[in-house]
Amino acid sequence: GTILALRPRHRGRMRRNALVVQTQIMLAVVGAVIMLVVGQSVARAFGIVGAANLIRYRSTIDDPKEAVVMLCALAAGLAAGVGLYWLAPFATLFMTAVLWVVEYFEPTARKNFELKVSLKKAADLRPKLEDVLTGFKLEFELLSESEDELGYSISAPVDVRTRDVSDTIRLVSQDDDVSIEWDEKKSKK
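Here the structure is a predicted model, which is why all the values come from computation and not from measurement.

A. Region of the structure containing the environment of glycine 135. You can see glycine 135 is positioned in helix 6 (residues 122-135). Glycine 135 sits in the exposed class, given a relative accessible area of 54%. Along the chain, glycine 135 and valine 165 lie 30 residues apart, while their C-alpha atoms are 9.5 Å from each other.

B. Seen up close, helix 7 (residues 162-173). If you check helix 7, its first and last C-alpha atoms are 16 Å apart, about what twelve residues at 1.5 Å a residue would give, namely 16 Å. For helix 7, the set of buried residues is Val165, Ser166, Ile169 and Ser173. The arc that holds the buried residues of helix 7, viewed along the axis, is 100 degrees, so those residues lie on one side. Among the exposed residues of helix 7, those pointing more than 90 degrees away from its buried face are Arg163 and Leu171. Against the buried residues of helix 7 lie strand 1 (110-118), helix 6 and strand 4 (179-185). Positive backbone phi, at 50 degrees, marks glutamine 174, one or two positions downstream of helix 7.

How each quantity is defined
- Residues numbered from 1 in each chain as written.
- Predicted model: local features only at pLDDT ≥ 70, side-chain atom pairs only at ≥ 80, totals over all residues.
- Heavy atoms only, no water.
- Helix = DSSP H or I, 4+ residues; strand = E, 2+ residues; numbered from the N terminus.
- Buried < 20%, exposed > 50% of the residue type's maximum accessible area, 1.4 Å probe, protein only.
- Expected span 1.5 Å × (residues − 1).
- Arc of directions from axis to C-beta.
- Contact = heavy atoms within 4.5 Å.

Structure (structure tokens):
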């Protein structure tokens, strides 16, 4: 599953969604456990299909990995329910370990903003402002620049507080008339 999920891509294509890659890896593990539970029993196979459909249609899940975690719990419960008492704890521990490894490589969650900084001679502030943004580990792109305003598209880790960034910009600008405006952009699902 890992080899398939991390297969090489052609240049110029969009980057893979980390959650989808993680889900693909976990589905291989869950599929193996479920097949061990099913064994030669057609009745068990139909029971698993019914239970999986309940999860699929009755749950509103934004993260595809959460659906896989539900399937992991289902697989462990099914193993215990059909008397495979050795498989249930082993599969649970193994799936937890794989999830832990997969989630270790998950990128940091980010928020997106538009930042507008207004003051006289804004162009003179630009290098200092960009140093502040870099210092806070913000990804940024200059959207607009005029005599008295700078506009940026910002991608920030979720734990960065805009107030801290604004206070630092005020210190660097050394101008009491500086106006800083943050407009959070909702991410597309």
